[in-house]
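Structure assessment
Chain by chain, the residues:
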Amino acid sequence: MSAGLPHGYRQIGEERLRESVGLSYPELAPGLIIEHRPGRTVTELDNLLGAALSGNVAPIHTDAHYSSQTQWGRVLVCSGVTLNLVAGMTVRSISGLTTANLAVDHVRFTTPVHLGDTLYAETKILTRRASERRPGTGVITCHTTAHNQNRTSVLAFTRTFLVPLDADAARDATHY
């Protein structure tokens, strides 16, 4: 193989690469902004499964006729579904190596999300420090925002989580 590996891959053997999930602690530097791709189009199934799993069967989320009679004129996607989809969009880059989520704070739903909307997200790393209680891990705090296909803000939140200080050691130990 060539000496220069494509970004996001590790060589694990002759002629064998493995995709890397999650940036490492040193790469998650305060001030770094990551645009998450691909975008994610919200489907009716996403919304119905989220409503069913959470027990939120409010008619604004599940009844098209009822929703058509409201100020929105159509079904609203459950806010929990929106939060989970957007948080999930960030995992591949910022928290793929997370060993624990510590907090989700300051959650703000700024505009309703409707079936068929496509969501895009970006995350800014706010702080990074070694954990005082968990040797070998670092505490990352980031702020994630999401917008729809019209670039209208739909969600913002702050999240704090633990990652290994030595990403390669964690990847080697878990065959990741």
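Residues numbered from 1 in each chain as written. Predicted model: local features only at pLDDT ≥ 70, side-chain atom pairs only at ≥ 80, totals over all residues. Heavy atoms only, no water.

Our focus in this paragraph is the overall build of the chain. Across its full length, the chain holds five helices and seven strands. When its helices and strands are written in sequence order, the chain yields β-β-β-α-α-α-α-β-β-β-β-α. In the chain, 16 positive and 15 negative side-chain charges are present, and the distance between their average locations comes to 5 Å. (Helix = DSSP H or I, 4+ residues; strand = E, 2+ residues; numbered from the N terminus. Lys, Arg positive; Asp, Glu negative; His and termini not counted. Charge placed at Lys NZ, Arg CZ, Asp CG, Glu CD.)

For the rest of this paragraph, the subject is the nonpolar core. One recurring pattern in soluble globular proteins: nonpolar side chains tend to sit buried together. Ranked by size, the top nonpolar core spans 16 residues in total, and within it V42, V86, V113, L119, A146, V154 and L155 carry the most contacts. Top element by residues in this core is helix 4 (residues 79-95). It accounts for five residues. Counting residues in hydrophobic clusters, the runner-up holds ten residues, among them L28, I94, I125 and V163. (Core = buried A, V, L, I, M, F, W, Y, C linked by side-chain atoms within 4.5 Å. Buried < 20%, exposed > 50% of the residue type's maximum accessible area, 1.4 Å probe, protein only.)

Turning next to the pattern of salt bridges. Where side chains of opposite charge bring their charged atoms close, a pairing between them can arise. Overall, the coordinates contain six salt bridges when judged by the stated rule. Across the pair E19 and R92 runs a salt bridge, and its minimum N-O distance is 3.5 Å. Separated by 73 residues along the polypeptide, E19 in strand 2 (residues 16-19) and R92 in helix 4 bring together distant segments of the chain. Under the relative-accessibility criterion, E19 is labelled partly exposed at 43%. The partner of D168 in a salt bridge is R171, with the nearest N and O atoms 3.6 Å apart. With D168 and R171 both in helix 5 (residues 167-174) and three residues apart, the pair spans about one turn of that helix. Relative accessible area serves as the criterion here: at 40%, D168 is assigned to the partly exposed category. (Salt bridge = Lys/Arg side-chain N within 4 Å of Asp/Glu carboxyl O.)

As a further point, take the side chain of H36. As for its placement among the helices and strands, H36 is situated in strand 3 (residues 33-41). Overall, H36 belongs to the buried group, its relative accessible area being 3%. Side chain to side chain, H36 and T123 meet in a polar contact 2.7 Å long. Not counting the four nearest positions on each side in its chain, H36 is found in contact with M89, T90, S93, I94, A121, E122 and T123. (Polar contact = N/O pair within 3.5 Å; in protein donor to acceptor, adjacent residues only side chain to side chain. Contact = heavy atoms within 4.5 Å.)

The N-capping residue of helix 5, defined by a side-chain oxygen 3.3 Å from the backbone nitrogen of D168, is D166. Of the residues one or two after helix 5, H175 is the one with positive phi, at around 60°.

To continue, consider the sheet that holds strand 5 (residues 118-130). What the five strands build is an open sheet, ordered 3-5-6-7-4; its pairing is antiparallel. Where the open sheet ends on each side, the last strands, each with one partner, are strand 3 and strand 4 (100-109). The sheet shows a mean angle of 20° between the axes of neighbouring strands, taken without regard to direction. Bridge count between strand 4 and strand 7 (residues 153-164): seven bridges; the pairing is antiparallel. (Pairing = 2+ DSSP bridges. Axes fitted to C-alpha atoms, helices over the stretch in contact; angles between N-to-C directions.)

Position of E27 relative to the elements: it lies in the loop between strand 2 and strand 3. Judged by relative accessible area, which is 37%, E27 ranks as partly exposed. Leaving out residues up to four positions away in the same chain, E27 has contacts with H7, L32 and R128. Side-chain polar atoms of E27 contact the backbone nitrogen of S24, separated by 2.7 Å.

Taken as a whole, the largest pocket encloses approximately 400 Å³ of empty space. S20, G22, L23, R92 and S93 are, among the 18 residues lining the largest pocket, the residues nearest its centre. At five residues, strand 3 tops the list of elements feeding residues into the lining of the largest pocket. Looking at the lining of the largest pocket residue by residue, the class counts come to five nonpolar, eight polar and five charged. (1 Å grid on protein atoms, 1.4 Å probe; cavity = no way out; pocket = protein on both sides within 12 Å on 5 of 7 lines; lining within 4 Å. Points joined across faces, edges and corners; volume = space filled by probe spheres on them. Nonpolar A, V, L, I, M, F, W, Y, C, P; charged D, E, K, R; others polar.)

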